[in-house]
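Residue-level structural notes
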Amino acid sequence: MLQPHRLGHLSSHYCPLLLTARTFTCGPSHYNSPTLQLLVKNLQFKDGKMIPAAQYFLSGSSAAVELSEEEKSFAEQMRAVWKTILTNVSLIEDSTDFFKSGAASMDVVRLVEEVKLRTSSCQLQNEDVYMNTTFQDFIQMCVRKLRGEDGEEELVVDYVEKNINNMVIKMPHQLFINGEFVDAERGKTYKTINPTDGTDICEVSLAQISDVDKAVAAAKEAFEEGEWGKMNPRDRGRLIYK
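Note that the coordinates shown come from a computational prediction; the quantities given were computed from them, not determined experimentally.

**Brief notes about a nonpolar patch on the surface**
A contiguous nonpolar patch, built from Phe 223, Trp 228 and Ile 240 and spanning about 330 Å² of accessible area, is present on the exposed surface. Judged by its relative accessible area of 56%, Ile 240 is exposed.

Set out below in structure tokens:
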């Protein structure tokens, strides 16, 4: 059985979702039996719309952004794209729903590619379409990405600064594991040496076996479950050489 944590018991009779919370206990109902934890990242409704699981019980959304003239031009280009995909819809309105109008998974791929053809600075993933199914929501999402307001967290880096040839050089000195810079276990470090004169450059985190295990596990999960493993070679190359 599935028992949602923190939300109390939620019967499937009251919700059309397959899963209805972020974390569940899977196992027999009696307390002394072994259980498993299930983490739900996204939820998809019967009409095709997808939302982050953490936002399921949030009532409101962020305020709509007002488009500039250039952004309005982009919106009209995308309206034309929607029209070529949704051939059975006579007029693409702000309230037009991509999936309710007959779009399928291959149409999602096509829409993402059409956006990439028109602006390289708006990198969409398939799930972005599933989470913004109406034309208005889709345009708002694209505009926020174009403006750099898509909510992505800034990478925190503890740089070591060195003055070299009248320039300030910043260098990370920690381990990079699972998308963030972290210290090695127990804070172990070693000195990295400048080969030109033998002087110390800085103290660098010395990875332990447990740190390597964490990095391997994170890389495996990212490749098998994340977007990188699903991405085509062209998009991978664009990110590598960005």
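Structure shown, so let's carry the discussion forward.
**Topic: the nonpolar core**
The biggest cluster of nonpolar side chains holds 28 residues, and the ones touching the most others in it are Met 78, Phe 98, Leu 111 and Phe 138. The set of elements that each furnish at least two residues to this core consists of helix 1 (69-85), helix 2 (105-118), helix 3 (126-130) and helix 4 (135-147). Ignoring anything within four residues of it in the chain, the contact list for Met 78 reads Leu 111, Val 115, Arg 118, Phe 135, Phe 138 and Ile 139.

**Looking at the packing of helix 1 against helix 2**
Where helix 1 meets helix 2, the axes come as close as 11 Å, and the angle between the chain directions of the two elements is 150°. Of the possible angle classes, the one that applies to helix 1 and helix 2 is roughly antiparallel. Here helix 1 runs over helix 2; the crossing is right-handed. Taking contact as the criterion, the partners of Phe 74, Gln 77, Met 78, Val 81, Trp 82, Thr 84 and Ile 85 in helix 1 are, on helix 2, Asp 107, Arg 110, Leu 111, Glu 114, Val 115 and Arg 118. For the contact of helix 1 with helix 2, the per-class residue count stands at 7 nonpolar, 2 polar and 4 charged.

**Section: the environment of Tyr 159**
By secondary structure assignment, the location of Tyr 159 is in strand 6 (residues 159-164). For Tyr 159 and Lys 170, which are 11 residues apart along the polypeptide, the C-alpha to C-alpha distance reads 5.5 Å. When sequence neighbours within four positions are dropped, the list of residues in contact with Tyr 159 reads Lys 170, Met 171, Pro 172 and His 173.

**Focus on the environment of Phe 223**
For Phe 223, the location among the structural elements is in helix 5 (residues 209-225). Apart from residues no more than four positions distant in its own chain, Phe 223 is found in contact with Trp 228, Gly 229 and Arg 236.

**What to know about the packing of helix 1 against helix 4**
For the pair helix 1 and helix 4, the least separation of the axes is 11 Å and the interaxial angle reads 135°. Judged by the inter-axis angle, helix 1 sits oblique to helix 4. Note that helix 1 runs across helix 4; the crossing there is right-handed. Seen from helix 1, the contacting residues are Glu 71, Phe 74, Ala 75, Met 78, Arg 79 and Trp 82; seen from helix 4, they are Phe 135, Phe 138, Ile 139, Cys 142, Val 143, Leu 146 and Arg 147.

**Structural notes on the side chain of Gln 208**
Within the secondary structure layout, Gln 208 lies in the loop between strand 11 (200-205) and helix 5. Relative accessible area serves as the criterion here: at 18%, Gln 208 is assigned to the buried category. With sequence-adjacent residues up to four places away left out, Gln 208 is seen in contact with Glu 185 and Lys 188.

**Re the pattern of salt bridges**
Scanning the entire structure with this criterion turns up 11 salt bridges. Salt-bridge contacts for Glu 69 lead to Lys 72; the nearest nitrogen and oxygen are separated by 3.7 Å. Within this pair, Glu 69 and its partner Lys 72 are both found in helix 1, separated by 3 residues, close to a single helical turn. You can call Glu 69 exposed: its relative accessible area is 62%. A salt bridge links Glu 76 to Arg 79; the shortest N-O distance between them is 3.4 Å. With Glu 76 and Arg 79 both in helix 1 and 3 residues apart, this pair spans about one turn of that helix.

**A look at the state of the cysteines**
Summed over the entire model, instances satisfying the criterion amount to 0 disulfides. Cysteine Cys 122 shares no disulfide, and the gap to the nearest cysteine sulfur, in Cys 142, comes to 4.3 Å. A relative accessible area of 0% means that Cys 122 is categorised as buried. Cys 142 gets classed as buried once you look at its relative accessible area, which sits at 0%.

About the thresholds
- Residues numbered from 1 in each chain as written.
- Predicted model: local features only at pLDDT ≥ 70, side-chain atom pairs only at ≥ 80, totals over all residues.
- Heavy atoms only, no water.
- Patch = residues over 30% accessible without salt bridge, like charges linked within 9 Å, V, L, I, M, F, W, Y side chains within 5 Å.
- Areas by Shrake-Rupley, 256 points an atom, 1.4 Å probe, with all protein chains shown as cover.
- Salt bridge = Lys/Arg side-chain N within 4 Å of Asp/Glu carboxyl O.
- Buried < 20%, exposed > 50% of the residue type's maximum accessible area, 1.4 Å probe, protein only.
- Core = buried A, V, L, I, M, F, W, Y, C linked by side-chain atoms within 4.5 Å.
- Helix = DSSP H or I, 4+ residues; strand = E, 2+ residues; numbered from the N terminus.
- Contact = heavy atoms within 4.5 Å.
- Axes fitted to C-alpha atoms, helices over the stretch in contact; angles between N-to-C directions.
- Parallel < 35°, antiparallel > 145°, perpendicular 65-115°, else oblique.
- Left-handed = near helix turned anticlockwise from the far one by under 90°.
- Nonpolar A, V, L, I, M, F, W, Y, C, P; charged D, E, K, R; others polar.
- Disulfide = S-S within 2.5 Å.

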